[in-house]
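Letter by letter, the chains look like this.
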Amino acid sequence: MQDVAEISSEDQKRLRLPLPYQGVNVNFCKNPHCPNFGIEAELEDQRGRSSSNSRSAYRVTGKKSESDLLCMTCGGYSVVKSNKAVWEEFERHLQALALPHGHRCTKVTCSNHTKPLDSHPGEYYRHGTNASGDLRYRCRECRTTFSAAKGHARQRTSHENKTVFQLLVAKVALTRIAQVTGLNIKTVYDKIDFIHGQCVKFVAERERRLPTMDLGDMRLCTDMQDYMVNWPTKRLRKTIQFRAIATSCLNTGYVLACHPQLDLRLSTVEVQKLVNECGDLLKRPAFREYARLWNFEDYASALQLPEGAFLPVREDQESPEHMTDDRQLPKQGAMVHIDYLAIGHFRYLRHLLGRADRVTFTLDADPGLPTAVLASWVDKAMAKKLDVAVMSFDKNATIDEKNDSVAKSNKLKADAEENYPFIHPFLAWLTHFLKISGLDWLSSTERSERLRTSGVHYPYINKSEPGKHVRLYTDDGSRMSLQIARVLHDISLHQVDRFFMQVRRSIAGLERAPSYPRRASRKWYLYGFYSPDMVEKTLVIFRTYFNFIAKGKDGKTPAMRLGLAKGPVRFEDILYFD
């Protein structure tokens, strides 16, 4: 990888691709069957160079507003990305895991936020005491003050913390929580802030162990869910809508990460000011300093895109993000572009699951997710220890249609066991599937091409996934048909869909909002949040509850099955964690 310092100012004028950043370069062919997969494209324009140089493996095409990288070997396209933006998004996710212990500057944008008082005493000075007699300190960098008391010590009604926690994850609206507990609404919000902070610290302490754990084979599933925030003022009746991406472990049900499309360290107004100051709008998107975040010009451009522009024009191509004129950008926090959110999410998982052996990803049919996985897990893919599959199913099926699909599946299993009575029933199912699907009659190359391009319907389904259809991107033809059939059998979105369903059913402010005809189809929800940061806080709180407190039918929590807990965690264990 060519270092930035090695490129002269004259050569920088010839750059056709963004420079690597902190060892990150995602501009290469994303086709795992291509010889160029994982081989980074040349940074400099080769036109006009000596003819003795070998031909470039890539060509940059497309409009100036958005460049595409064309692989000259397989003909595959990928959108050129900012390596700096990819690293920044990964680092944003990593902060929650790497938060240091001890008291520190509470302002997240301050450089001292990652410098604890006990290890960096020179960054702070004493600033009297608070009403409880605890020492106060002031940050020398940003002048923010904080006290050195334990978090729960500042709670005057700490006995209500558990009640607020329990009611919040039981789909009780915030106003009702205030009524039940006798607290005023501001105190309820303060307690949610406290509970969120405790959950962050508790989960970080447990999940810091994952990169050193021997996890064996991992089956993961990833999906996205949209969340809406009510308009903050009547003057501009436009909702704030953004997405969250989550990945669950299919073996244990543990939700490894849930990242909203929102960076709370900056606001959209601050991003716009920074963009104007550095001249970002004069640069191509991938070369911008703030390529990761939405600005007001991005919003205006998205509204002017022609009808149908949001549909992917190439196979698995990252399409423009959807934006309508009844939505607005948040004033609290800045929205992250969805492609960088996805790549940062998968790079975070690569860090978290570094010692996993073979990894299988089941992805929802959102454009760009397979390329985001392959860009982040390229080493596993090159070692033939990564499977990436996209699964779709009939999400609108009625209960009768689901029962009918399960009955047909059971009938097909019975036929398979009757046709192959001398082998294990599971092997009989797979053998019968290979025969009726036609995969057994194809060569390994033909099978790989069919699974990658058109996919296959898999008949043995559970009740939650009728009409299961799978596209497998990583079949290189080296495995036997039965091995591929076993991979297809294990493909599922059940665990991540279950988590998102529980989010809707358990957090009142995150329930799907209805449409009102009198509001010209604009959406507004009585119990919806008015501040985008509440979405992130409640998602963190619920993920903690879901992973460590809520028990399944086997009496175990997802954290117990993964090995991060020996027993169910109590609410008090989180609230008084220090």
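Check the entry above for the structure.
This is a predicted model, so every value here is computed, not measured.

Draft legend 1. Representation of the nonpolar core. Ranked by internal contacts, the top residues of the largest apolar core, which has 144 residues, are Phe 165, Phe 346, Phe 361 and Leu 488. At nine residues, helix 8 (residues 338–352) tops the list of elements feeding residues into this core. When residues no more than four places from it in sequence are discounted, the contact partners of Phe 165 are Ile 195, Cys 199, Ile 541, Tyr 545, Ile 549, Phe 571, Ile 574 and Leu 575. In this structure, Cys 105, Tyr 137, Cys 139 and Phe 146 belong to the second largest nonpolar core, which totals seven residues.

Draft legend 2. Structural view of the environment of Asp 476. Checked against the element boundaries, Asp 476 lands in the loop between strand 15 (469–472) and helix 14 (481–490). Residue class for Asp 476 comes out partly exposed when judged on its relative accessible area of 33%. Asp 476 sits 32 residues away from Ser 444 along the chain, and the two C-alpha atoms are 7.7 Å apart. Excluding residues that lie within four positions of it along the chain, Asp 476 makes contacts with His 33, Lys 384 and Ser 448. For Asp 476, the side chain forms a polar contact with the side chain of Lys 384, separated by 3.3 Å. A distance of 2.7 Å separates polar atoms of two side chains, one belonging to Asp 476 and the other to Ser 478.

Draft legend 3. A look at a nonpolar patch on the surface. A cluster of nonpolar side chains, contributed by Phe 422, Ile 423, Leu 427 and Leu 482, occupies part of the molecular surface with about 410 Å² of accessible area. Structurally, Leu 427 is set in helix 12 (residues 425–437). For Leu 427, a relative accessible area of 38% puts it in the partly exposed group.

Draft legend 4. Quick look at the sheet that holds strand 2 (residues 68–71). Within the open sheet, the three strands sit side by side as 1-2-3. Their pairing is antiparallel. The open sheet is flanked by strand 1 (58–61) and strand 3 (77–79), the only strands paired with a single partner. Across the sheet, the axes of successive neighbouring strands diverge by a mean angle of 30°, strand direction being ignored. Pairing of strand 1 with strand 2 involves four bridges; the strand directions are antiparallel. Within strand 2, the position partnered with Thr 61 by the bridge is Asp 68.

Criteria and thresholds
- Residues numbered from 1 in each chain as written.
- Predicted model: local features only at pLDDT ≥ 70, side-chain atom pairs only at ≥ 80, totals over all residues.
- Heavy atoms only, no water.
- Core = buried A, V, L, I, M, F, W, Y, C linked by side-chain atoms within 4.5 Å.
- Buried < 20%, exposed > 50% of the residue type's maximum accessible area, 1.4 Å probe, protein only.
- Helix = DSSP H or I, 4+ residues; strand = E, 2+ residues; numbered from the N terminus.
- Contact = heavy atoms within 4.5 Å.
- Polar contact = N/O pair within 3.5 Å; in protein donor to acceptor, adjacent residues only side chain to side chain.
- Patch = residues over 30% accessible without salt bridge, like charges linked within 9 Å, V, L, I, M, F, W, Y side chains within 5 Å.
- Areas by Shrake-Rupley, 256 points an atom, 1.4 Å probe, with all protein chains shown as cover.
- Salt bridge = Lys/Arg side-chain N within 4 Å of Asp/Glu carboxyl O.
- Pairing = 2+ DSSP bridges.
- Axes fitted to C-alpha atoms, helices over the stretch in contact; angles between N-to-C directions.

Just distances and angles here, no functional claims.
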